[in-house]
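If you want the building blocks of each chain, they are given just below.
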Amino acid sequence: MRHFTSVHDFSSIGDALSKAKYVKENPFADHELGKNKTLLLVFFNSSLRTRLSTQKAGLNLGMNVIVLDINQGAWKLETERGVVMDGDKSEHILEAIPVMGSYCDIIGVRSFARFENKADDYGEVILNQFIKYSGRPVFSMEAATGHPLQSFADLITIEEYKTKARPKVVMSWAPHPKALPQAVPNSFADWMNCTDYEFVITHPKGYELDSKFVRNAVVEYDQDKALAGADFVYAKNWAAFNDENYGKVLSKDMSWTITSEKMALTNKAYFMHCLPVRRNMIVSDDVIESERSLVIPEAANRVVSAQTVLKEILLSL
Ligand code: CP
């Protein structure tokens, strides 16, 4: 594996899962693999889980780890070519990226959708510039359109908790006060579509996701119908994707919040969310605190997903 930006960088979902299982059972077996190799983690946006779990993954592999917060202590970066740089941005990303590449062996990048230009977001302009100009393997720590390390951890968690070969997994939109990118739901759909699970997406009209990620998933606009018989409920908010309303909040309908009444419609489903989560917007206190909540094991599996990916990249160097 040279770069990691989606599930499709693994040869198969079975391959990804068997590699993750080995890493989880043998977290320090490859401690020599990363010796004298430097991992650079570049954050254009805030993070708790990704920041800590990816550092831990690198340390487990014996790597040296550097973290750079672009918006705290680094020069402000211009990302557009052709701009007269007479404003507050002191450095161009076209110099900054190769310089970063010269200090490390592998680069992780977090760069969210900005909702300024849909073509730029869905063209993954920032992530692709790192791939093009850094000269290093690059992996996504959540880019504009995907969060594959999260979805990989979600899949590992479902595999650990499922009690039937083909569980029903329902991804439900839920309300949120701010406009959030589609990266997490896009990736979750992408990964679920590579399994043989029964996968259903439910959201209010107007929140349709990119068909490239939805593929053959069932889309059910009635949340109660979608939740019926679910084994896993994956809650997430996202802003509108369609051209007319791209990046807008169209609804804050609290009847979509995942409550114990909603969970009662399911097959004693496990509750999942990538975190951070807005309690009593996305999910009620009692559901997230219940013994069917998997939010902590999901977050813990972020080390496993990151370490599995880093190991594959290290093996390719
Ligand atoms: N789930 C996730 O990526 O969390 P952070 O934004 O805190 O990294």
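The model shown is predicted, which means the values in this text are computed figures rather than measured ones. (Residues numbered from 1 in each chain as written. Predicted model: local features only at pLDDT ≥ 70, side-chain atom pairs only at ≥ 80, totals over all residues. Heavy atoms only, no water.)

1. Regarding the sheet that holds strand β1 (residues 38-43)
The strands that make up a sheet are held in pairs by hydrogen bonds between backbone atoms, and each pair lies either parallel or antiparallel.
1) Next: Taking strand neighbours across the sheet as the criterion, the four strands line up as β2-β1-β5-β6 in an open arrangement whose pairing is parallel. Looking at strand neighbours, the two that pair on one side only are β2 (64-69) and β6 (138-140), the edges of this open sheet. In this sheet, adjacent strand axes meet at a mean angle of 20° when their direction is disregarded.
2) Next: Pairing geometry for strand β5 (residues 106-110) and β6, over three bridges, is parallel. By the bridge assignment, I107 is partnered in β6 with V138. (Pairing = 2+ DSSP bridges. Helix = DSSP H or I, 4+ residues; strand = E, 2+ residues; numbered from the N terminus. Axes fitted to C-alpha atoms, helices over the stretch in contact; angles between N-to-C directions.)

2. Section: the site of the ligand
1) Next: The environment of the ligand is formed by S47, L48, R49, T50, R110, H147, Q150, C274, L275 and R302.
2) Next: Here an oxygen atom of the ligand and a side-chain polar atom of R110 are 2.8 Å apart.
3) Next: R302 has a polar side-chain atom sitting 3.1 Å from an oxygen atom of the ligand.
4) Next: Surface burial for the ligand is 94%, taken as the share of its 260 Å² of free accessible area covered by protein chains.
5) Next: Of the residues in the shell around the ligand, the class split is three nonpolar, four polar and three charged.
6) Next: The residues that make up the shell around the ligand include at least three from each of domain 1 (7-146 + 302-316) and domain 2 (150-298). (Near = heavy atom within 4 Å. Polar contact = N/O pair within 3.5 Å; in protein donor to acceptor, adjacent residues only side chain to side chain. Areas by Shrake-Rupley, 256 points an atom, 1.4 Å probe, with all protein chains shown as cover. Nonpolar A, V, L, I, M, F, W, Y, C, P; charged D, E, K, R; others polar. Domains from an automatic or database assignment.)

3. Let's talk about unusual backbone geometry
1) Next: For the bond running from L275 to P276, omega is 0°, close enough to zero to count as cis.
2) Next: Following the sequence through the fold, P276 ends up in the loop between β11 (270-272) and α11 (285-288).
3) Next: Of note, N36 is a non-glycine position whose phi angle comes to about 65°, a positive value.
4) Next: As for its placement among the helices and strands, N36 is situated in the loop between α1 (13-25) and β1.

4. Thoughts on the packing of aromatic side chains
1) Next: Counted by the stated rule, this structure contains 14 aromatic pairs.
2) Next: Their ring planes at 70° and their centres at 5.9 Å tell us that F188 and F199 sit as a pair that is edge-to-face. You can see F188 sitting in helix α7 (residues 183-192) and its partner F199 sitting in strand β8 (residues 198-202), a full eleven residues away along the chain.
3) Next: Take F188: its relative accessible area is 0%, and that puts it in the buried class. (Phe/Tyr/Trp six-rings, centres within 6.5 Å; stacked < 30°, edge-to-face > 60°. Buried < 20%, exposed > 50% of the residue type's maximum accessible area, 1.4 Å probe, protein only.)

5. Some words on the side chain of S111
1) Next: Mapped onto the elements of the fold, S111 is located in the loop between β5 and α4 (118-122).
2) Next: When near neighbours in sequence (up to four residues on either side) are disregarded, S111 contacts F44, N45, I126, E142, A143 and A144. (Contact = heavy atoms within 4.5 Å.)

6. Structural notes on the domain arrangement of the protein chain
1) Next: Assigned domains within the protein chain: domain 1 (7-146 + 302-316) and domain 2 (150-298).
2) Next: Using only C-alpha atoms to locate each centre, domain 1 and domain 2 end up separated by 25 Å.
3) Next: Between domain 1 and domain 2, the residue contacts involve 25 residues of the former and 32 residues of the latter.
4) Next: Taken together, both faces of the contact between domain 1 and domain 2 bury some 2,300 Å²; the carbon and sulfur share is 66%. (Buried area = accessible area lost by both parts, 1.4 Å probe.)

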